[in-house]
Amino acid sequence: MAKVKKAELKKEKTSARGSGKSLVIVESPAKAKTINRYLGSNYIVKASLGHIKDLPKNDLGVDLENNFAPSYGPIPTKERVIRELKEAARKAGVIYLAADPDREGEAICQHLAEELSDGKKVYRVLFNEITKNAIQEAFRNPGEINERLVEAQQARRILDRLVGYKVSPLLWDKVRRGLSAGRVQTVALRFIVEREREIRAFQKEEYWTITAHLRATHPPVFDARLIKHGKQDFVVRGESVSGSIQAQAEKGKLLIANDAEASQWLARLQKEKFVVASTETKEVSRRPLPPFITSTLQQEAARKLNFSAKYTMGLAQRLYEGVEYGEEGLVGLITYMRTDSIRVSEVALGEVRKLIPEQYGKNYLPTEANVYRSKKGAQDAHEAVRPTSALRTPEQAARYLSEDEAKLYRLIWQRFVASQMTPALYERTTIEIAAGEFGLRATGSVLKFDGFLKVYEEAKDQRGEEDEEFGRRLPAVKPGEELHLSKIAPEQHFTEPPPRYNEASLVKILEEKGIGRPSTYAAILGTIQERDYVQKQGKSRKSPFVPTELGEIVTGLLVDNFEEIFDVAYTAKMEEELDEIEDGKKGWTETLHEFYREFEKELKQAEKHMADIKRMEEPTEFSCEKCGKPMVIRWGRHGKFLACSGYPECTNTRELADQSAPEIEEEPLEEFCENCGRPMVRKRGRFGQFLACSGYPECKTTRQIGKEQKKPPVPTGELCPKCGSELVLREGRYGEFTSCSKYPKCKFIKPKLTGVACPECGQGQLVEKGSKRGKFYSCDRYPECKYSLRNKPVAEKCPQCGSAFLVEKTSSAGTTLECPTENCDYRQAA
């Protein structure tokens, strides 16, 4: 919508203020608290706690016959919030909507306006940072809701709903219930799965390099690598060796394939004289990187701080919304963190250019401010992620922040300050050496002026050749100077497969390929892990993602049956079309019609032809130990398992052995066959390791191995309240629990009490329970009362709102006690 003229706005605001206070609505209580400080007593600031309306949970909510008209309705859990906002709006003279400055924020404002306006004038205010000047300037120049932004968000929401609502049930039917498909989520998973397939298919190849250890007239001694024979180049370290040796030879490169070949080249090279052919020294500059955008912040926080994307965004949200900063009170420390623009305001540039010479010296300040170009399609109305004031140094801010908040603030501050500093200067030297028909090369690089590196240097996933030469000093030599050979060393190498994706590199490839928006990456990474599609190979945030069997099956089914919809290029094209809707170049319904034509076609094909994994049976060489019939592989909710083909008459099942274990032919064990008494041996078949009788084929007894034996029940000394037998401590799938020793005759299980009364029914008590996703807490009157929560309740009253209990939350920042009430932001260290 066109912005309202300032004169009209001033007139309308003056008239509205006479009839009551102004109502300002933001998303979060923390943001409301900070903004309230800057607006004064004529304003009431309330929080919507995010979206108040959405598509229905149990229905598609999109009219396919009526131009994809969405059926938005109030979110059931937000009914109380909506009532409170309506009451405040009824008393207010004018309404200001101040949600975040992006598509989601604009959609929130649209829904708030629909619910609250009731004929009153509604204004939209935008700001990229929560500081006094930014807030007051935004309220001096309010505008209206941007319909194009709302339409772009609505189109994305409907696209995601169509894919999720139509495709997920197919997975429930063909694989198992509870699975999900997502328009962007599936493409992210596809990257991980296809990389894993590349790694499995990779055949490592041996190659050798030769290095000469040389001494010139002047020190130091140095190494030079063999790079050439005649006009042909050798394959050297740092180059990718793909395909066969023959393929490399066809490209005109010499590949030293083994120890024998290396020895032959070595013998020839040792006979030659080593003479300096040429030397070159030049100055090389390295420019600083631009300030952070959302994706680069997530990547660097993962590499340098070991933070997940989700955790990084949570910390950034708190820094943006405001923290208590000594005498300044509540203040936002960084600009809005969901951005793809690297633009910086003139005010911020002026401030940082004043700071640099004062803190680091005049040599570190460039003549003019460094200017960076945002990528195509970036929303330049936003700014880069930067400190709201560069004068708030990390050392000063650390006093008011948690340890992890301080780490992230330091990272953002350093990157921003460094982006406006002079380049680093290196002196790079290259010495070319002739040894008969052979050519060798030595390179070295020395830092002359650190420039921006004094403040910040970007982390890297892998070291490159430039990193290896850095700090390597070479002697001063002249062309024609003869060098003394100390020794020649051959070195064996093997080509390596491409690395698996971790959080940082996955975010990087998603951004490079134009998949999704940076603001959605944290949620995508969380979803593919929660759905058990991928696992991390290690506990670190830097640990790589490995697809699970389930993830590979789901990806295969979706990519095979929806070739267009889950294609990388097609998904990127959809992002471009959403940008075009935002820019007013394309209608949102036109985009949806084009998408649905292709989607409907592929959906119908998938319904007919998608493989039915759930009902498939794969034959094996095993026999059922109960009835003797062949065992088959089936798919269940926990993956593949062995089942008797005589089902339902025989219900025998077994876990499938780990197929990733190393191959074992036969290994005798100190165990004996229960049927014939002969020794058992460890074997490996198509489906992993197992125990088999050494008397095969006369005796066909087999037994599963690799399953950890459970600890025996431990008596507790307590008596069962149901039957009077002793209670014992047992080990179950989800941890230890106390139950009756007479199980299965008596099925009593002792609940783990928390001492907190159920807030929903008031009659039961919250008890600890376990599931495959970990502990949770629910009412002991289940199923009469279905109240539950994920965090541990603590019998301690909230001093702020009076809630009967607090909940315990643990993060890398430590353990805190927080109020579970939606509108209460009470938090304390545990």
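Summary of the structure given here.

Parameters at a glance
Residues numbered from 1 in each chain as written. Predicted model: local features only at pLDDT ≥ 70, side-chain atom pairs only at ≥ 80, totals over all residues. Heavy atoms only, no water. Pairing = 2+ DSSP bridges. Helix = DSSP H or I, 4+ residues; strand = E, 2+ residues; numbered from the N terminus. Axes fitted to C-alpha atoms, helices over the stretch in contact; angles between N-to-C directions. Buried < 20%, exposed > 50% of the residue type's maximum accessible area, 1.4 Å probe, protein only. Phe/Tyr/Trp six-rings, centres within 6.5 Å; stacked < 30°, edge-to-face > 60°. Lys NZ or Arg CZ within 6 Å of the ring centre and 35° of its normal. Core = buried A, V, L, I, M, F, W, Y, C linked by side-chain atoms within 4.5 Å. Contact = heavy atoms within 4.5 Å. Polar contact = N/O pair within 3.5 Å; in protein donor to acceptor, adjacent residues only side chain to side chain. Parallel < 35°, antiparallel > 145°, perpendicular 65-115°, else oblique. Nonpolar A, V, L, I, M, F, W, Y, C, P; charged D, E, K, R; others polar.

**Quick word on the sheet that holds strand E1 (residues 22–26)**
Consideration 1: An order of E2-E1-E7-E8 is seen for the four strands of this open sheet, with the pairing classed as parallel. Every interior strand has two partners, whereas the edge strands, strand E2 (43–47) and strand E8 (122–124), have only one. Across the sheet, the mean angle separating the axes of adjacent strands is 25° when strand polarity is ignored.
Consideration 2: Inspection of the sheet shows E1 paired to strand E7 (residues 94–97) by four bridges, in the parallel sense. Bridging across to E7, Ile-25 finds its partner in Leu-97.

**Thoughts on unusual backbone geometry**
Consideration 1: Each neighbour pair has its own omega, and for Pro-219 with Pro-220 the value is 5°, a cis peptide bond.
Consideration 2: Cis geometry marks the peptide bond from Tyr-782 to Pro-783, where omega comes out at 10°.
Consideration 3: Along the chain, the position of Pro-783 falls in the loop between strand E34 (774–779) and strand E35 (788–789).
Consideration 4: Although it is not a glycine, Asn-67 adopts a positive phi angle of roughly 55°.
Consideration 5: Residue position: Asn-67 is located in the loop between strand E4 (62–63) and strand E5 (69–70).
Consideration 6: One non-glycine residue, Asn-306, adopts positive backbone phi at about 65°.
Consideration 7: Along the chain, Asn-306 falls in the loop between helix H10 (294–305) and helix H11 (309–321).
Consideration 8: Taking the relative accessible area as the measure of exposure, Asn-306 reaches 30% and is therefore partly exposed.

**Quick look at the pairing of strand E16 (residues 424–435)**
Consideration 1: Pairing geometry for strand E13 (residues 274–286) and E16, over 11 bridges, is antiparallel. Bridge pairing links Thr-279 to Ile-431 in E16.
Consideration 2: Bridge analysis of E16 against strand E17 (residues 438–449) gives 11 bridges, and the strand direction is antiparallel. Bridge pairing in E17 places Ala-434 opposite Gly-439.
Consideration 3: Hairpin geometry of E16 and E17 is characterised by an intervening segment of two residues between the two adjacent antiparallel strands and by a positive phi of about 65° at Gly-436.

**Overview of the packing of aromatic side chains**
Consideration 1: In total, this model carries 17 aromatic pairs according to the counting rule given.
Consideration 2: Ring geometry for Phe-307 and Tyr-311: centres 5.2 Å apart, planes at 90°, overall edge-to-face. Taken as a pair, Phe-307 and Tyr-311 share a single burial class, namely buried.
Consideration 3: Every member of this aromatic cluster is reached through a ring pair, and the members are Phe-68, Phe-562, Phe-566, Phe-595, Tyr-596 and Phe-599.
Consideration 4: Over the aromatic face of Phe-494 sits the side chain of Lys-204, whose NZ or CZ is 4.8 Å from the ring centroid.

**Side note on the nonpolar core**
Consideration 1: Counting residues in each nonpolar core, the largest one holds 127 residues, and the members touching the most others are Leu-408, Leu-506, Phe-562 and Phe-599.
Consideration 2: When neighbours within four sequence positions are excluded, Leu-506 is seen to be in contact with Ala-188, Phe-191, Ile-192, Tyr-501, Leu-525, Ile-528 and Phe-545.
Consideration 3: Trp-208, Leu-214, Ile-256 and Phe-438 belong to the second largest nonpolar core, which has 29 residues in total.

**Comments concerning the sheet that holds strand E23 (residues 639–644)**
Consideration 1: Across the sheet, which stays open at both edges, the four strands sit in the order E21-E22-E23-E24 with antiparallel pairing between neighbours. Across the chains shown, the open sheet's two edge strands, defined by having one partner strand only, are strand E21 (618–623) and strand E24 (653–655). The mean inter-strand angle of the sheet, taken between neighbouring strand axes irrespective of direction, is 40°.

**Some thoughts on the side chain of Glu-575**
Consideration 1: By the element assignment, Glu-575 lies in helix H19 (residues 568–582).
Consideration 2: A polar atom in the side chain of Glu-575 sits 2.7 Å from the side chain of Arg-156.

**Some details on the packing of helix H12 (residues 346–360) against helix H14 (residues 403–419)**
Consideration 1: Relative orientation of the contacting elements H12 and H14 amounts to 90°, with a least axis distance of 9 Å. Classed by the angle they form, the pair H12 and H14 counts as roughly perpendicular. Listed contacts from H14 to Ala-348, Val-352, Leu-355, Ile-356, Gln-359 and Tyr-360 of H12 are Trp-413, Phe-416 and Val-417.
Consideration 2: Split by residue class, the contact of H12 with H14 holds eight nonpolar, one polar and no charged.

**Considering the environment of Arg-703**
Consideration 1: Inspection of the secondary structure assignment puts Arg-703 in strand E28 (residues 702–704).
Consideration 2: Overall, the relative accessible area of 26% leaves Arg-703 in the partly exposed class.
Consideration 3: Taking the C-alpha atoms as reference points, Arg-703 and Cys-673, separated by 30 residues in sequence, lie 9.3 Å from one another.

**Structural notes on the packing of H11 against H14**
Consideration 1: Remark: H11 packs on H14, axes separated minimally by 10 Å, with the N-to-C direction vectors making an angle of 85°. Comparing the axis directions of H11 and H14 gives the class roughly perpendicular. Here Tyr-311, Thr-312, Leu-315, Ala-316, Arg-318 and Leu-319 of H11 come into contact with H14, specifically with Asp-404, Glu-405, Leu-408 and Tyr-409.

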